[in-house]
Amino acid sequence: MKGRNFLSILLTAIIAAGSFTNTVHAVSTAYKGYIYDDFGRSIPAPPPYITETVLTGEACGAGSFNAPEDLYIDGHGNIFIADTGNNRIIILDSNLKMKQVLKEIHLDGMKEPLNGPKGVFARNTGELYIADTGNARVLQCKQDGTVEKVFEKPKSDLIPADLQYKPEKIVADSAGAVYVSAYGMYQGLVSYDGNGNFTGFFGSNKVEPTFQTMALMFWKKLFTKEQRQAMVRIIPVEYSNIYIDQKDFLYTSTRKTEFSLDEVKKLNALGVNVLRYQKIGMLYPHNNFGDIEWDTEKGKFIDSKFGDVHVDSDGVISALDTERSRVFQYDQDCNLMFIFGDKGTQAGNFLQPSAVEKLDDRYLVLDTGRNTITVMKPTHYAQIVRQATNLYNEGHYKESVGLWREVLRYNSNYSLAYKSIGKAFLQEENYVEAMKYFKKGEDRAAYSQAFREYRKELVRKYFLLYLALAIAGVWLIKRLIRLLLDLLGFRRKTKNIMFW
Amino acid sequence: MTIAVQFIKSLAVFCREYDWNRHRWKNLDKTKIVWPFRVMVHPFAGFDEMKYSGRGSLALANIIMLLLFLEQILSFSSTGFIFNKNRSEDFNIFLEFLKADGILLLWWISNWMVCTLLDGEGKLKEIWNATWYSMMPKVMFGLPILLLSRIFVVEEAPFIAIAGNVALGWSILLLLISVMVTHQYTFRQTILASLLTLFCMTVLVFIIILFFSFFQQMLMFLETLYKEFLSRI
């Protein structure tokens, strides 16, 4: 009787204990989750986003898409799609159902069709901006199609008259100023003020000094004017896409850079890149966005080519790599958080992605090649990483420790977790533990900080001991040298062959 | 058969007649042990006496070479975390040997080749002793730098850099002086000989790379030949 009761209690206790442990949920996706560790090596990681749905044009009630090239989601959850091949703009609501289709615009009382619109943007106050690429203009209109302003090709000494104006992507800031990224405009973003007047170029890329360009510059100094005009012009690369955040910072993406650095930039009002990243003690440059290990194809290295950039309200930067159809997500310190996506035709793979946007907590990727929008929702892993990173970025290191430990149970290679736990220990002045975690997280700068304090502590505690040891050490060394010399047969008194 | 017997007989004679007592501790010229330290602070006199008074020791030079190698291996894993960017799975002992001693071996051979052509008086063994003795500062500074790197912080990195550079600079200075004294050159001839030695080193490296790739090609060819042969059977 007693034994049976005991046994049943024991069994229920075991089962009950099992239900208290947190189980780690595994998910399967069309892509293999991976991430880069501190050394710049690719290692497996839990996949952060899984496919929720693949949206075609028919599914949302607007008729199939035809090579759509831009996607934008405004602050109210309205989804704007530039259906380039069908010369129309489609507006969906946040439930992915069709709200409106814009095939023609009303300009000066006339109805005009759009011609290959490659870019679309909407401000939260309701103005819609369309890059009417085929007609070489950018239109600001209301959501019913009535045009309010037209931004034509700017007349400037810097722009040759025969250059075709092909505006592709647009953003507008809170003051109404419009920034346009045009095809072939290497001078930078074409910026207009709120009234449609051209106000100059904004923030171009710099020409990167490679060996070839420097050699070319050297030869140019020696050649005559005619010879120089026949030579290749050294100009910077243009931006592939732009995004503006709530604070009017412009984020730009560049398809390809010479050294694979600074492909994503955050420009302030002066056009200066203000994206900050850790420089001390890093084992690979942290402003190297995209894949750090490259494939070779026919002997040439293939780097990531960025086609779009998006920043959400937490400051998470998503950069779309069109080369291998992946999305890289970074926080504001350029720490790599996630990588998702792959090239292919499965649901969750993209063939020719051209835009990435965020709706609530899901990411939408526009696939121009397959005329679909893939909706990816975050896994539990992604959710806890984002929560923990938010706390870390706000400075709440102690509160984030529990979340980071859970992240480590999913991915024990996630170095940001170790760094954050280390910072929490550093805050409460537990230097030994902080150093231990910084070592695991390969954070040499922070380890140095913690070590400095620990050293101070040690010296303060054991100062007299160290002094005594130092004096004893010096005396010992002198004695040893004397002993060595005596053994070798020299007497210090005689000076026949001596060395000092 | 008889050749083998003759060979063994001559070997036995050699072992009997050789003066093994030369190598006993009490018969060794112990002043030679101090010589690397003397060369560090009195290079001209030191190298001169190494050449003419026979105070250079082959064993000691080899020990210095070994010490450099050991220091390199030790520093790979034991430098302080803040300054250590090595991954333990990337440890390659041949590479560490080349990092420690490779350049000097190249220098030794190139120097001998160049200086023989430039009428230098240095013999191969003398140059060997001289180059390794001139590396003594690097050996002496190696361990303290290692210990300091464990204690220092990022902001104090320049001190470690200075210490390393002082050691290296001192060693290179001694190397140049050794060239001057061992081959009995004037100052100008030393500069010329050193530059030519450096050039010869690059040529040697180029030839070695050529050899490597040639050998690789040949091995690949033989391997494909072998595989084809097997698949034919």
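Residue numbering note: each chain is counted from 1, following its sequence as written. All chains are assigned letters beginning at A, and all ligands numbers beginning at 1, according to the order in which they are written. The predicted origin of the model limits local features to residues at a pLDDT of at least 70 and limits the giving and counting of side-chain atom pairs to 80 or more, whereas totals for whole chains, interfaces and linings rest on all residues. In computing side-chain values, all of the structure's heavy atoms are included and hydrogens and water are not.

Just checking my understanding: could you explain the overall build of chain B for this structure?
A run of H or I in DSSP counts as a helix once it spans at least four residues, and a run of E counts as a strand once it spans at least two, with each numbered from the N terminus. Counting its regular elements, chain B contains nine helices and zero strands. The order of α-helices and β-strands along chain B, N terminus first, is α-α-α-α-α-α-α-α-α. For this measure, only C-alpha atoms enter the radius of gyration; the expected value for a globule follows 2.2 Å times N^0.38, where N is the number of residues. The globule rule puts the C-alpha radius of gyration for 233 residues at 17 Å, and the 23 Å found for chain B is more than 25% above it. Its C-alpha atoms give chain B principal-axis dimensions of roughly 70 × 55 × 40 Å. By the burial criterion, 35% of the 233 residues in chain B qualify as buried. By the convention used here, residues are in contact when the closest approach between their heavy atoms is within 4.5 Å. Taking as baseline every contact in chain B between residues at least 6 positions apart, the subset at least 24 positions apart corresponds to 76%. Neither His nor the chain ends is counted toward charge; the positive residues are Lys and Arg and the negative residues Asp and Glu. By convention, the charge on Lys lies at NZ, on Arg at CZ, on Asp at CG and on Glu at CD. Charged side chains in chain B number 20 positive and 17 negative. The centres of these two groups are separated by 7 Å. Here's how the labels work: a residue is buried when its accessible area is under 20% of the maximum for its type, exposed when over 50%, partly exposed in between, all with a 1.4 Å probe on protein chains only.

It is not clear to me how the environment of Gln449(A) should be interpreted in this structure. Could you clarify?
All names here are of chain A. Tracing the backbone shows Gln 449 in helix 8 (residues 444-487). Taking the relative accessible area as the measure of exposure, Gln 449 reaches 39% and is therefore partly exposed. C-alpha separation for the pair Gln 449 and Thr 368, spaced 81 residues apart in sequence, amounts to 49 Å.

How should I be thinking about the sheet that holds strand 10 (residues 119-122) of chain A in this particular structure?
Sheet strands associate in pairs through backbone hydrogen bonding, adopting either a parallel or an antiparallel arrangement. All names here are of chain A. Between any two strands, at least two bridges found by DSSP are needed for them to pair. Strand order across the open sheet formed by four strands is 10-11-12-13, with antiparallel pairing between neighbours. Bordering the open sheet on either side are strand 10 and strand 13 (147-151), each of which pairs with just one other strand. Between one strand axis and the next, the sheet turns through 20° on average, direction left out of account. Across four bridges, the pairing between strand 10 and strand 11 (residues 128-132) is antiparallel. Note on strand 11: the bridge partner recorded for Val 120 is Ile 130. Each axis is a line fitted through C-alpha atoms, taken for helices only over the stretch in contact, and angles between the N-to-C directions span 0 to 180 degrees.

It is not clear to me how unusual backbone geometry should be interpreted in this structure. Could you clarify?
A negative phi angle is the norm for most residues apart from glycine, just as the trans form is the norm for most peptide bonds. Residue and element names in this part refer to chain A. The backbone of Asp 108 shows a phi angle near 55°, a positive value even though the residue is not glycine. Structurally, the position occupied by Asp 108 is in the loop between strand 8 (104-107) and strand 9 (110-113). With a phi angle near 65°, Asp 248 is a residue other than glycine that sits in the positive phi range.

I'm lost on the interface of chain B and chain A in this one. Help?
When the parts come together, some accessible area is lost, and that loss is often what is quoted as the size of the interface. Listed per partner, the contact involves 24 residues of chain B and 22 residues of chain A. Each of two parts loses accessible area, computed with a 1.4 Å probe, when they are put together; buried area is these two losses added. Overall, the association of chain B and chain A removes approximately 2000 Å² of surface from exposure, summing both partners, and the carbon and sulfur fraction of that is 70%. For the chain B face of the interface with chain A, the top three residues by lost area are Phe81(B), Lys85(B) and Arg87(B), together amounting to 33%. Of all the elements in the fold, those that place two or more residues in the side of chain B that touches chain A are helix 2 (31-41) and helix 7 (136-151) of chain B. Ranked by residue count, the leading element in the side of chain B that touches chain A is helix 2 of chain B, at seven residues. Each residue is assigned to one class: nonpolar for Ala, Val, Leu, Ile, Met, Phe, Trp, Tyr, Cys and Pro, charged for Asp, Glu, Lys and Arg, and polar for all the others, Gly among them. Its residues assigned to classes, the side of chain B that touches chain A comprises twelve nonpolar, three polar and nine charged.

Explanation requested: the nonpolar core in the structure shown.
One recurring pattern in soluble globular proteins is that nonpolar side chains are buried together. In this structure, Leu250(A), Trp404(A) and Tyr414(A) are the most contacted members of the largest nonpolar core, which totals 109 residues. If we ignore the near neighbours within four places in the chain, the residues touching Leu250(A) are Val171(A), Tyr179(A), Leu189(A), Phe202(A), Ile242(A), Tyr243(A), Ile244(A), Lys265(A), Lys266(A) and Leu267(A). We define a nonpolar core as any set of buried Ala, Val, Leu, Ile, Met, Phe, Trp, Tyr and Cys residues linked to one another through side-chain atoms lying within 4.5 Å. Ranked by size, the runner-up nonpolar core spans 23 residues in total, among them Val39(B), Leu60(B), Trp128(B) and Ile177(B).

Whenever I open this one, the packing of helix 4 (residues 380-393) of chain A against helix 5 (residues 397-410) of chain A confuses me. Can you help?
In helix packing, the relevant descriptors are the interaxial angle and the interaxial distance, both defined with respect to the helix axes. Residues and elements named next belong to chain A. Where helix 4 meets helix 5, the axes come as close as 9 Å, and the angle between the chain directions of the two elements is 155°. Between helix 4 and helix 5, the crossing angle belongs to the class labelled roughly antiparallel. For helix 4 against helix 5, the interelement crossing comes out left-handed. Every residue of helix 5 that contacts helix 4 at His 380, Tyr 381, Ile 384, Val 385, Gln 387, Ala 388, Thr 389, Leu 391 and Tyr 392 is listed here: Tyr 397, Glu 399, Ser 400, Leu 403, Trp 404, Glu 406, Val 407 and Tyr 410. For classification, angles of less than 35 degrees are called roughly parallel, those exceeding 145 degrees roughly antiparallel, those between 65 and 115 degrees roughly perpendicular, and all remaining angles oblique. Crossings are assigned a handedness: left-handed for a near helix turned anticlockwise from the far helix by less than a right angle, right-handed for a clockwise turn.

What is the right way to look at the confidence of the model for chain B in this model?
Low-pLDDT portions of the prediction should not be read for the details of their coordinates. On a scale of 0 to 100, pLDDT captures the predictor's confidence in every residue. Scored by pLDDT, chain B comes out at a mean of 92, with 100% of its residues at no less than 70. This prediction of the complex comes with two scores: 0.81 for pTM and 0.81 for ipTM.

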